[in-house]
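# Fold and contact review
Each chain is listed here by its residues.
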Amino acid sequence: MRLLVLGGTSFLSKQIAHDAVARGHDVVCAARGQSGSAPEGAQLLVLDRDRPGAVKALSGERFDAVVDVATGTGALRWVLDALDVLADHAQHWTFVSTVNVYADTATLGQTTDAPLCEPVLETVTEMTVERYGGIKVACENAVRERMGRDRAFVVRSGLITGPGDGSDRFGYWAARFARGGQAVVPDSPRQPIQQIDVRDLAAWIVTAAEQRLAGTYDAVGPILELGAVLREIAELVGTPDLQLVPIAPDTLVEAGINPWSGPASLPLWLPTDTYGFVAHDPAPARAAGLAVRSLADTVRSALAHEQTRGLDRPRSAGLTPAEEQKLLERTGTLDQAPTTTA
Ligand SMILES: NC(=O)c1ccc[n+]([C@@H]2O[C@H](COP(=O)([O-])OP(=O)(O)OC[C@H]3O[C@@H](n4cnc5c(N)ncnc54)[C@H](OP(=O)(O)O)[C@@H]3O)[C@@H](O)[C@H]2O)c1
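Residue positions within a chain follow its written sequence, with the count starting from 1. Local features in this predicted model are restricted to residues whose pLDDT is 70 or higher, and side-chain atom pairs enter the listing and the counts only when it is 80 or higher, whereas totals over whole chains, interfaces and linings include all residues. Only hydrogens and water are set aside; all other atoms, that is, all heavy atoms of the structure, feed into the side-chain values.

If you check an unreviewed UniProt entry, the protein chain appears there as Reductase from Amycolatopsis taiwanensis.

Relative accessibility thresholds used throughout: buried, under 20% of the residue-type maximum; exposed, over 50%; partly exposed, between the two (1.4 Å probe, protein chains only). Under the DSSP-based scheme used, a helix requires at least four consecutive residues in state H or I and a strand at least two consecutive residues in state E, with every element numbered from the N terminus. Burial analysis of strand β2 (residues 26–31) places five of its six residues in the buried class, the great majority of the element. Any two strands with at least two DSSP-identified bridges between them are counted as paired. Pairing of strand β1 (residues 2–6) with β2 involves five bridges; the strand directions are parallel. Of the residues in β2, the one forming a bridge with R2 is D26. Across four bridges, β2 lies against strand β3 (residues 43–46) in parallel orientation. Among the inter-strand pairings, A30 is bridged to a residue of β3, identified as L45.

Moving on to empty space enclosed by the protein. Grid spacing is 1 Å over the protein atoms alone, the probe is 1.4 Å, and a cavity is where that probe fits but cannot get out, while a pocket is an open set with protein on both sides within 12 Å along at least five of seven lines and lining residues have an atom within 4 Å of a point. Grid points are joined across faces, edges and corners, and a volume is the space filled by probe spheres set on the points. Applying the stated rule across the entire model yields three cavities of 30 Å³ or more. Lining the largest cavity we find G162, D165, F170, G171, A302, H305 and E306. Those elements giving two or more residues to the lining of the largest cavity turn out to be α4 (170–179) and α9 (295–309). Per-element accounting of the lining of the largest cavity gives the leading share, three residues, to α9.

Here helix α6 (residues 226–237) is twelve residues long and its end C-alpha atoms lie 16 Å apart, about the 16 Å a rise of 1.5 Å per residue gives. Inspection of α6 places L226, G227, V229, L230, I233, A234 and V237 among the buried residues, and these make up the whole buried set. The arc that holds the buried residues of α6, viewed along the axis, is 165 degrees, so those residues lie on one side. We call two residues contacting when some pair of their heavy atoms lies within 4.5 Å. Buried residues in α6 make contact with α4, β8 (182–186), β9 (192–193), β12 (224–225), β13 (243–247) and α9. Helix span is expected to be 1.5 Å times the residue number reduced by one. This arc corresponds to the set of directions leading from the helix axis out to the C-beta atoms.

Moving on: the packing of helix α2 (residues 75–86) against helix α3 (residues 129–147). Between α2 and α3, the least distance of the axes is 9 Å, while the angle of their chain directions is 10 degrees. When the axis of α2 is compared with that of α3, the two are roughly parallel. Here α2 contributes A75, L76, V79, L80 and L83 to the contact with α3, which in turn contributes I135, A138, C139, A142, V143, R146 and M147. For this scheme, ten residues count as nonpolar: Ala, Val, Leu, Ile, Met, Phe, Trp, Tyr, Cys and Pro. Four count as charged, namely Asp, Glu, Lys and Arg, and the remainder, Gly too, count as polar. Counted by class, the contact of α2 with α3 contains eleven nonpolar, no polar and one charged residues. Note on method: axes are straight lines fitted to C-alpha atoms, helices fitted across the in-contact stretch only, with angles between N-to-C directions ranging 0 to 180 degrees. The cut-offs work like this: below 35 degrees is roughly parallel, past 145 is roughly antiparallel, 65 to 115 is roughly perpendicular, and the gaps in between are oblique.

Another point: the nonpolar core. W173, F177, I233 and L266 are the most contacted members of the largest nonpolar core, which has 47 residues in total. For this core, the secondary structure elements donating two or more residues are α4, β8, α6, β13, α9 and α10 (321–330). Boundary definitions for the domains trace back to an automatic or database domain assignment. When residues of this core are assigned to domains, at least three map to each of domain 1 (2–157) and domain 2 (170–194 + 224–277 + 294–330). The contact partners of W173, leaving out residues within four places of it in the chain, are V184, V185, P186, L230, I233, L266, P267 and L268. Membership of the second largest hydrophobic core comes to 31 residues, among which are L6, A54, V85 and F95. To form a nonpolar core, buried Ala, Val, Leu, Ile, Met, Phe, Trp, Tyr and Cys residues must be joined to one another through side-chain atoms within 4.5 Å.

Further remarks concern the side chain of R176. Here R176 is to be found in helix α4. Counting of polar contacts relies on pairs of N or O atoms within 3.5 Å, with two restrictions inside protein: one atom must be capable of donating a hydrogen and the other of accepting it, and residues adjacent in sequence are counted only when both atoms are side-chain atoms. At a separation of 2.8 Å, a polar atom in the side chain of R176 contacts the main-chain carbonyl oxygen of G180. When near neighbours in sequence (up to four residues on either side) are disregarded, R176 contacts G181, Q182, A183 and E324.

Below, the discussion takes up the environment of G310. Inspection of the secondary structure puts G310 in the loop between α9 and α10. You can call G310 partly exposed: its relative accessible area is 22%. G310 sits 135 residues away from A175 along the chain, and the two C-alpha atoms are 8.7 Å apart.

Throughout this document, a residue counts as near a molecule or strand when at least one of its heavy atoms sits within 4 Å of that molecule or strand. In the neighbourhood of the ligand, 30 residues make up the surrounding shell, with T9, S10, S35, Y132 and K136 lying closest. Using a 1.4 Å probe, accessible areas were evaluated by the Shrake-Rupley method; residue-level cover was limited to the displayed protein chains. When the ligand sits alone it has 890 Å² of accessible area, and the protein chains cover 87% of it. Taken together, the elements giving at least two residues each to the shell around the ligand come down to α1 (11–22), β5 (90–98) and α3. Partitioning the shell around the ligand into residue classes produces eleven nonpolar, 13 polar and six charged.

Here you go:
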């Protein structure tokens, strides 16, 4: 198969290119080369999709399959430009979307026919969570309209984890527990959580291209409970002196701790009215071939990735040691927490 990956120099798209090369496919990556290099064995065509007409460098090329991970404020323009040049010369088109496309973040167990955000068709300069979903809806629609439903494969991914994850979310917990001591965790043990390992998602996307799988899927792993997930991570990588210190969500909010991601956050923790965001029905993707590895495998790989980057490095998500200490002092739990589970 001749595969074009629009991207291919970091995280998911690089893993897709890597997987396809390993299966013996002829892989072309098209990106600026700023995030990294293309995997060994793949060709990198250097282009900047923000420059009008950049994708015309691919005019005249033919591909059995195209994978596009377009995201950001200009994603719709990128997608339309790529379709203009390549739609008539590609047999199969994967667009990597997100579960942020869903308008309802509260309801558990939703499937792909759930209501979507309004498509964002106009050019925007600043990204918000709402716009992120709406831009992806517009991109999905463009791919389906131009390729036809029998050649379009739309993958609405949930949280992507594993090696190469630069978001600092899932990896925060592996790194934090590996540092030991008193670790603050959200006291939300029954919160649902879903993640998908980048290697499993990439493998499925390559298989889908090989098999010309079409349709729209939520690419998510099983619905787990946050308490059990944190407990498993702690058991796998925690030091002997690790103590999990659960702190109530109201107390975390009062202390200015953010949910899910970003600075001063407890990654993966969510407000109750957004539990639906991490509880999509995993069955259709699974039935269509998405195989999910064990959580333990993902945790060990996430820790290895964290160790190469340094467990004590500044992070874009999670609590700094000083923030965690302050929180423990504020809640009167410093050095007196029982050894417990989340
Ligand atoms: N991370 C998650 O948890 C998550 C969850 C749900 C959905 N998703 C979706 O999954 C997809 C993959 O996300 P990712 O974080 O893994 O990104 P990625 O696929 O690793 O990287 C994005 C690619 O786009 C390229 N790129 C960026 N700007 C470009 C430009 N101006 N011109 C040409 N190429 C450009 C980058 O290469 P250069 O910088 O080298 O140009 C890189 O290869 C995205 O569609 C995202 O919306 C991610």
